[in-house]
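# Coordinate inspection notes
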Amino acid sequence: MTDQNGPQYQRLLAGKVEVVNVGLEGFVKDLHDCGIGVVHVDWKPSAGGDPQMAALLAKLGV
Amino acid sequence: MKLIEDANQQALARILEGEPRLIDIVPASQLMKGLRDRMILHAGPPITWERMCGPMRGAVAGAIVFEGWAQDLRSATELAASGGIEFHPNHHFGAVGPMTGMTTKSMPLFVVENARFSNRAYCAINEGLGKVMRFGGNDASVLKRLAWLRDVFGPVLGKAIRASGGVDLKSIIARGLSMGDEMHQRNLACSSIFLREIAPWMARTSVDNATLAECLAFIGQNDQFFLNIAMAMGKVMTDPANGIRGSTIVTTMCRNGTDFGIRVSGLGERWFTAPVEMPEGLYFAGYSEKDANPDMGDSAIVETIGLGGFAMAAAPAVAGFIGAGAPSEAGNFTRSMGEITVAQNPEWSIAAMDFAGVPTGIDIRLVVDSGIVPVINTGIAHREPGIGQVGAGVVKAPLACFQQAVRAVASDLGVS
């Protein structure tokens, strides 16, 4: 989307950036090294990303 | 799924409502009708001689000589290798055993009764530290100590326990958690509390001061004495939760040095096994991971009821002892295990967790969904027979056991 000040994502990155990193923890260090504030959320896809097991778990109430 | 949630609440209630009491010490043959000559019960899921690890074979050879089925260790090993010994898991006989978990007919066993559900469970007496059969030791000193436990210590302590009217175990655990025990790799507080409770009864029932002093010293010198009592308690609390259709709560975790095995409430006596992992930990001077055997023992029954690695927050000193990180990080283990359990035990709280109860009721669905597996605090045995303990550490349960069990529950409930 755009408006008179340009694309919204450009405005988002123009000021101070605070990041919530979900999943792979490797990105956290890179952001820290750039002086960017980051909060890491320890998250993995259900059943390690196995879609069949995830579907089975969903049927079993998880 | 309502069927599963209801079944899990029922299984959980049966675990939490248990009223375990230590009531006696009795020779195994008097407790187990099917336990015959040339039959050995071992830790973990079923296993044959051919697949047994070194320390398990060493313990088997020692147990054969102890029972007089062979004259020496060499002929004992030949007897076992030739099919002359029948092997069964302790769990199939209402029992548990630490590390190699040897149980034979003349060994004296703790008897723990669950007054709420009228069931019983058994465990052999802890032999102490150093060279012992549970770590694969089998020389003359090991067999001499076992004979003393059978002929002297077992009868003395059994008489005292009977005279006392039984010892309530839940209250000892509650106090132990507040004194730095997690009941797997640290039992110092619980062993001391037990000694404080039973010593007067040992004195009242003793007929010989020298023997009394020897028996009191045996308990007092072994920080892990209470472990075997805690294990029988775990077994007697989880057994009533077996066989509730649809329940995904784990009722057994154990290992035999080759395989890790679990059983699940809704699936009854069926075993789900996978190769057991190597503990990560610290080694005694002169030993390293090259000497270590993969993990073994029925002692993971204490984790099954929320103790051991699940209660690490109560025992920060243990985290350092077993190489699990800084004491300040002990709470992370307990919090993590909270992700795969369905409740907390309000009777067993941890001060360092703002008196939260220990995480209880491992749900196989939560394990597989999160990828977080149970952590177990454990001793490390040398991989060769006859040497003994070389360290202590933490081992993770293999995820494959839980994945198999989830598929089996789904199949049983007609879910695909």
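As annotated in an unreviewed UniProt entry, chain A is FdrA domain protein from Bradyrhizobium jicamae.

So, about the overall build of chain A. For chain A, the count of helices and strands is 3 helices and 4 strands. When the helices and strands of chain A are listed from N to C terminus, the series reads β-β-α-β-α-β-α. The C-alpha radius of gyration computed for chain A amounts to 18 Å, which surpasses the reference 11 Å derived for 62 residues by more than 25%, pointing to a less compact arrangement than a globule. In terms of overall dimensions, chain A has a C-alpha envelope of 50 × 30 × 15 Å along the principal axes. Burial analysis of chain A (62 residues in total) assigns 18% to the buried set.

Another point: the interface of chain A and chain B. Counting residues at the interface gives 12 residues for chain A and 14 residues for chain B. Here chain A meets chain B over a buried area of about 1100 Å², counting both sides, of which 67% is carbon and sulfur. Summed over the three residues of chain A that lose the most area to chain B, namely A:M53, A:L56 and A:L60, the buried surface amounts to 48% of that side. Counting every contact that joins chain A to chain B gives 0 salt bridges. For the pair chain A and chain B, the interface holds 4 residue pairs in polar contact (both at pLDDT 80 or more). Class assignment of the residues belonging to the side of chain A that touches chain B gives a composition of 7 nonpolar, 2 polar and 3 charged.

Residue and element names in this part refer to chain B. Within the fold, N345 resides in strand β13 (residues 341-350). Within polar-contact distance, the side chain of N345 engages the backbone nitrogen of E347 at 2.9 Å. Residue contacts for N345: discarding those within four places in its chain leaves L16, G357, V358 and T360.

Take the confidence of the model for chain A next. Parts of the prediction with low pLDDT should not have their coordinates interpreted in detail. Considering every residue of chain A, the mean pLDDT works out to 86; 90% of them sit at 70 or more. Taken element by element, chain A is modelled with least confidence in strand β1 (residues 2-3) of chain A, mean pLDDT 58, and with most confidence in helix α3 (residues 51-59) of chain A, mean pLDDT 96.

Looking now at helix α9 (residues 227-238) of chain B. Residue and element names in this part refer to chain B. Between its terminal C-alpha atoms α9 stretches 17 Å, which fits the 16 Å expected from 12 residues at 1.5 Å a residue. Burial analysis of α9 places 12 of its 12 residues in the buried class, which makes it a mostly covered element. Taken residue by residue, α9 has L227, N228, I229, A230, M231, A232, M233, G234, K235, V236, M237 and T238 as its buried positions.

To continue, consider the pairing of strand β3 (residues 86-89) of chain B. All names here are of chain B. Side-chain alternation along β3 places F87 and P89 on a buried face and E86 and H88 on a face that remains uncovered. Relative to β3, strand β2 (residues 39-42) runs parallel, the two being bridged by 4 bridges. Paired with L41 across the two strands is H88, which belongs to β3.

What counts as what
Residues numbered from 1 in each chain as written. Chains lettered and ligands numbered in written order. Predicted model: local features only at pLDDT ≥ 70, side-chain atom pairs only at ≥ 80, totals over all residues. Heavy atoms only, no water. Helix = DSSP H or I, 4+ residues; strand = E, 2+ residues; numbered from the N terminus. Rg over C-alpha atoms; globule rule 2.2 N^0.38 Å. Buried < 20%, exposed > 50% of the residue type's maximum accessible area, 1.4 Å probe, protein only. Contact = heavy atoms within 4.5 Å. Buried area = accessible area lost by both parts, 1.4 Å probe. Salt bridge = Lys/Arg side-chain N within 4 Å of Asp/Glu carboxyl O. Polar contact = N/O pair within 3.5 Å; in protein donor to acceptor, adjacent residues only side chain to side chain. Nonpolar A, V, L, I, M, F, W, Y, C, P; charged D, E, K, R; others polar. pLDDT = per-residue confidence, 0-100. Expected span 1.5 Å × (residues − 1). Pairing = 2+ DSSP bridges.

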